[in-house]
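Take a look at the letters that make up each chain.
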Amino acid sequence: MANYDLIVIGGGPAGYVGAIRAAQLGKKVACVEKERGGGTCNNWGCIPTKALLHDAELYHTMTHQAADSGFKIEGLSFDWTKIMKRSRTVSDKGAAGVEFLFKKNKIDSIRGEARIDKTGSVTVTLADGKEETHTAEKTLIATGCVTRPMPGFPFNGTTVIGSKDALALQTQPKSIVIIGAGAIGIEFAYFYNSFGTKVTVVEMLPNVLPVEDTDVSVALERSLTKQGLTILTNHKTVKTEATDKGVKITVANAKGEEKVLEAEVCLVAIGVLPLLPGGAATPKLTDRGWLQTDANYETSLKGVYGAGDIIGPPWLAHVASFEAVQAIEGMFVPGHKPKKIGIFPGCTYCHPQVASTGLTEQAAKEKGLKYKVGKFSYAASGKARAVGESEGFVKLIIGEPHGEILGAHIIGAEATELLAELSLAITLEATIEEIEATIHAHPTLSEMVKEAAEVAAGHAIHV
Amino acid sequence: MPKLIKMPKLSDTMTEGTLVKWHLKVGDSVDLGKLIADVETDKATMEMEAFESGIIHKFLIPEGGKVTVGAGLVVLLAPGESPPDDLNAFVASSADAPTSKKDEPKSKVATTQTDAAAARVSSKLPPIAPAPNRRVAVNNGPRVKASPLARKVAEDRGVDLSRLQGSGPGGRIIRADVESAPVSGASASPAKAVQSIRPVAGPDDQRIPLTGMRNIIAERLFASKTQIPHFYLQMEVDAAPLMALRAHVNESSEKTGGNKFTLNDFLLKSVVRAAATVPAVNASFDGDAIVQFKHVNLCVAIAVPDGLVTPVIRAAETKSLLEISQAVKDLAGRAKNKKLSPDEFAGGTITVSNLGAYGIDQFAAIINPPQAMIISIGSIRSTPVVNDKGLIVAGQRMWIGLSGDHRVVDGAVAATFLAEMRKLIESPALMLV
């Protein structure tokens, strides 16, 4: 039994970041985590998938692009187990890093399952079954989410899987059906396809990555199809069945015409469900089951706050960390008014990569905003051509008459790295004039951002 | 193929325009260069000429209608062509998206009419153009932390950034701060924004929307009266010698069919000559400096039916009385017909306002910013005066006044200027040499 200024429940990008921020502010902090530090992001999401996708891209480069550069590669093969293992090792190191940060910041890291029986205290069931209760002035719930199953089609870890299982499949499936063409579905689709698995993606909505700008979604679908994926947009999943050999998925197009897809494995990537701490004290939830918080991230329980995936969409690590820092500063920095998420970037790490922030063109149009579009294609960039990456474009949605950046959409190599300049521009309320006035090194991919700004301004040099 | 003529973008800041008058009617044929309509923008009223030919099939907005840039105005058909089945669909698909390049309006605009203050002096023409309204916020005083977007929005709305508290990262002023800020004195439309006491209009009262000219008069003079520390001097002068000289000059010129001079011509000349003698008054305040101008660019206030314009006689110190007289006649004539171009309003350094013809004895005028001085001239009256022999005699007297920007001109300097004017008016032959 100890007394803390703050107990954080959950050690992911919201929880551990919030705990560290509070410790930096001189608070006595404990962080309760039932698995290990780093959360979904480090252990079962962002980081291990990036390891796999890196390997997939490397393999794809060797098998598809190396010959263009004059390489002759014979007898190229890969070891699936090692690929999976490297990804796990990357996560292991990240988790150890979080524990290190806890120590460095003198945060008590408690391994166990937390529950809140009454406000002001947290009870933890330790691995050995023992319970301990700690008191705290403030509690931050950052318990995150888990993969949402298809109704009537429960996960079994081998043939019907979620993203977590997909990161640890011990053998490479020959075929896979992926339900859902959001970022998770698309990333795994790219990964498995690169290594030769026959991949079919089923999406209910008209486009892959439905939240992205339509131009980007269309370009991505074209590119992935060229890479050999089968993509069924506008298709509903009407029936799911786990068989001895794998799965049978019945899908129907807009006209109601049905088709049966058979595969060894089905990856369900249709969203996430909240994962709440237990206990007798139950905070109010939204109608979708997420933790309801106010402008200060406080729940209906006094002194109990929420941040990260558990308070609802968007379910993104960088959003979670932002929210946690805001919540903590609201608790412990006098006069700090926490900010809510406004504009945030979103990235998908298939190849070509997709990165965006702000409004899509559709959204700008729906809002009735006055805007213009500046689009610059990779094919027109010297650097892109030199590195054999001439697929993709930078598309800027520019407000009229002042030239502010309403939205930025990039598809192509290193899109996710190119986006930061535009995110900063939006935060600083820079306009295309400032982007144009900034010398972008030549030759770089980032020149395309400047070129797109110039296109919007009506005086691009290289188109 | 039917063609759509759209509201052209006639200035950088124009977002919408008012269709003042159609010069043609349905069925008229239109050729390249033909005058179609008068369009009033935020800055001026301009003539819109056709850039395409055809027969006018339909006007899409009535006279007085206000539409955004890029919106359809007129549907043209080729001779003998039948209109599109769905006219609305045609207009909707042809009008824009006022943004992208390809939708540039296909109308050529001849800038022939505009109004005085509309000639907003461009800040790219330094000394002549202090354009103080726009620059106070950005250039003067301590450095203001504000986002580029906030600066642009502030400039548009006339918000003084130095008065705002920023809510962005590190206390930076962001767009939201500007948008929620009250418009400052130097605003784009302060007459509307700053007014806190508003009239109560009943059903019988008439509500007259501000014309572009009225709006600019409101803006400029509001800024002037609230921002410039005015002071006022008045002086009575003997106008008899001037009356006599004018009568004499006109008498001989009448015989030869020459120019007929007005009293005002002489008075303008006296202002120009006095300014040459006291150059300190021919200046502008520019934040951290005073700009003293080489040339006297004389603005003449001219009343027009719906307002007031102040066109400029450039380098007036180089012009003879005859040239000044002819210039004023030309400007006044074209001002009444709204045929002055924007550059004819730009860059004035001293303004003269003469209300003598209306029987006004004397008045204090508001400075025409960014000038440092405006001269007000009253009527000439027969009145008893004490002459230099101490006798009361019948005299011809006139009041001349000066409103000065005390940041630029002090009382003694302004008084010296007025005394110089008086010397010239009372010994008018000096003006002719």
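Scroll up to find the structure this text is about.
The rules behind the values
Residues numbered from 1 in each chain as written. Chains lettered and ligands numbered in written order. Predicted model: local features only at pLDDT ≥ 70, side-chain atom pairs only at ≥ 80, totals over all residues. Helix = DSSP H or I, 4+ residues; strand = E, 2+ residues; numbered from the N terminus. Buried ≥ 20, exposed ≤ 12 C-beta atoms within 10 Å, placed from the backbone. Contact = placed C-beta atoms within 7 Å. Pairing = 2+ DSSP bridges. Nonpolar A, V, L, I, M, F, W, Y, C, P; charged D, E, K, R; others polar. Axes fitted to C-alpha atoms, helices over the stretch in contact; angles between N-to-C directions. Core = buried A, V, L, I, M, F, W, Y, C linked by C-beta atoms within 7 Å. Left-handed = near helix turned anticlockwise from the far one by under 90°. Parallel < 35°, antiparallel > 145°, perpendicular 65-115°, else oblique. Expected span 1.5 Å × (residues − 1).

Undergrad: Got a minute to help me understand the overall build of chain B in this structure?
TA: Looking only at helices and strands, chain B features 11 helices and 19 strands. Counting every position in chain B, which comprises 433 residues, the buried fraction comes to 40%.

Undergrad: When you look at the overall build of chain A in this model, what are you seeing that I'm missing?
TA: Regarding its fold elements, chain A presents 13 helices and 21 strands. For chain A, the proportion of contacts with a sequence separation of at least 24, taken over those separated by at least 6, is 64%.

Undergrad: Sorry, what's going on with the pairing of strand β17 (residues 345-348) of chain A here?
TA: Examined bridge by bridge, β17(A) and strand β18 (residues 353-358) of chain A share four bridges and lie antiparallel to one another. Note that in β18(A) the partner of A:Gly346 across the bridge is A:Ser356.

Undergrad: Can you help me understand the interface of chain B and chain A in this one?
TA: It is common to give the size of an interface as the accessible area lost on bringing the parts into contact. At the junction of the two partners, chain B supplies 14 residues and chain A supplies 15 residues. Here the side of chain B that touches chain A gets five residues from one element, more than from any other, and that element is helix α3 (residues 148-157) of chain B. Split into classes, the residues belonging to the side of chain B that touches chain A amount to seven nonpolar, four polar and three charged.

Undergrad: Could you clarify how one ought to interpret the sheet that holds strand β19 (residues 371-377) of chain A in this entry?
TA: Residue and element names in this part refer to chain A. In spatial order, the strands read β17-β18-β21-β20-β19; together these five strands make up an open sheet with antiparallel pairing. Of all the strands in the sheet, the pair left with one neighbour each is β17 and β19. The sheet shows a mean angle of 10° between the axes of neighbouring strands, direction not considered. Inspection of the sheet shows β19 paired to strand β20 (residues 392-399) by seven bridges, in the antiparallel sense. Across the sheet, the residue bridging to lysine 372 is isoleucine 398, located in β20. Of the strands in this sheet, β18, β20 and β21 (405-412) are in contact with helix α7 (residues 214-226), which crosses β21 at around 5°. Contacting β19 and β20, helix α13 (residues 447-457) crosses the sheet at an angle of about 140° to β19.

Undergrad: What should I look at first to understand the nonpolar core in this one?
TA: In globular proteins that are soluble, nonpolar side chains generally tend to be buried together. Core analysis: the largest hydrophobic core is formed by 81 residues, its most contacted members being A:Val177, A:Ile178, A:Ala189, A:Cys266, A:Leu267 and A:Leu396. In this structure A:Leu396 touches A:Val373, A:Gly374, A:Ile405, A:Ala408, A:Ala452, A:Ala453 and A:Ala456, once residues within four positions along its chain are discounted. Listed in part, the 54 residues of the second largest apolar core include B:Phe266, B:Leu267, B:Ala372 and B:Ile380.

Undergrad: Please clarify how the packing of helix α3 (residues 46-65) of chain A against helix α4 (residues 80-104) of chain A should be interpreted in this entry.
TA: What describes two packed helices is the angle between their axes and the distance between those same axes. Residue and element names in this part refer to chain A. Between α3 and α4, the shortest axis-to-axis distance is 8 Å and the interhelical angle comes to 145°. Pair α3 / α4 crosses with right-handed handedness. Residues Ile47, Pro48, Ala51, Leu52 and Asp55 of α3 pack against Ile83, Arg86, Ser87, Arg88, Val90, Ser91 and Gly94 of α4. When its residues are assigned to classes, the contact of α3 with α4 shows six nonpolar, three polar and three charged.

Undergrad: Looking at this model, I keep getting lost on the sheet that holds strand β1 (residues 3-6) of chain B. Mind explaining?
TA: What holds strands together in a sheet is hydrogen bonding between their backbones, with the strands either parallel or antiparallel. All names here are of chain B. Strand order across the open sheet formed by four strands is β1-β8-β6-β3, with antiparallel pairing between neighbours. Either end of the sheet is taken by a strand with one partner, and the two such strands are β1 and β3 (29-30). The pairing of β3 with strand β6 (residues 54-59) spans two bridges and is classified as antiparallel. By the bridge assignment, serine 29 is partnered in β6 with isoleucine 55. Across the face of the sheet, helix α1 (residues 87-94) comes into contact with β1, β6 and β8 (72-77) while running at roughly 120° to β8.

Undergrad: Looking at this structure, I do not really get the packing of helix α8 (residues 263-277) of chain B against helix α9 (residues 321-336) of chain B. What am I missing?
TA: Residue and element names in this part refer to chain B. The contact between α8 and α9 brings their axes to 9 Å, and the two run at 120°. The angle between α8 and α9 places the two elements in the oblique class. Considering the relative orientation of α8 and α9, their crossing is right-handed. Between α8, through Asp265, Leu268 and Lys269, and α9, the contact on the second element is made entirely by Leu321, Ile324, Ser325 and Val328. Its residues placed into classes, the contact of α8 with α9 shows four nonpolar, one polar and two charged.

Undergrad: Teacher, can you tell me more about the pairing of strand β12 (residues 247-252) of chain A here?
TA: The side chains of a regular strand alternate, residue by residue, between the two faces of the sheet. Residues and elements named next belong to chain A. Of the two faces of β12, the one lined by Val247, Ile249 and Val251 is fully buried and the one lined by Lys248, Thr250 and Ala252 carries no buried residue. Strand direction decides the pairing type here: strand β11 (residues 236-242) and β12, joined by six bridges, are antiparallel. Looking across to β12, one finds that glutamate 241 is bridged to lysine 248. Taken together, the six bridges between β12 and strand β13 (residues 258-263) define a ladder with antiparallel strand orientation. Paired with threonine 250 across the two strands is valine 260, which belongs to β13. What sits between β12 and β13 in their antiparallel hairpin is a turn of five residues, with glycine 256 showing a positive phi close to 90°.

Undergrad: Looking at this structure, I do not really get α9(B). What am I missing?
TA: Since the α-helix packs 3.6 residues into each turn, any two residues three or four apart lie on the same face. All names here are of chain B. An ideal rise of 1.5 Å per residue puts 22 Å on 16 residues; α9 measures up with 23 Å between its terminal C-alpha atoms. Of the surrounding elements, those touching the buried residues of α9 are α8, β13 (298-300), β14 (302-304), β15 (307-309) and β16 (312-313). After α9 finishes, the residue lysine 338 shows a positive phi value of roughly 55°.

Undergrad: Whenever I open this one, unusual backbone geometry confuses me. Can you help?
TA: Leaving glycine aside, a negative phi is the common case for residues, and trans is the common case for peptide bonds. Residue and element names in this part refer to chain A. Residues proline 313 and proline 314 are joined by a peptide bond in cis, for which omega reads -5°. Position of proline 314 relative to the elements: it lies in the loop between β16 (304-306) and α8 (317-332). The step from glutamate 400 to proline 401 runs through a cis peptide bond, and the omega angle for that step is 0°. Tracing the chain through its elements places proline 401 in the loop between β20 and β21. Residues other than glycine seldom take positive phi values, yet glutamate 414 does so here, at roughly 55°. The residue glutamate 414 is located in the loop between β21 and α11 (415-427) in this model. Even without a glycine there, the phi angle at glutamate 429 is positive, about 55°. Tracing the backbone through its elements, the reader meets glutamate 429 in the loop between α11 and α12 (432-437).

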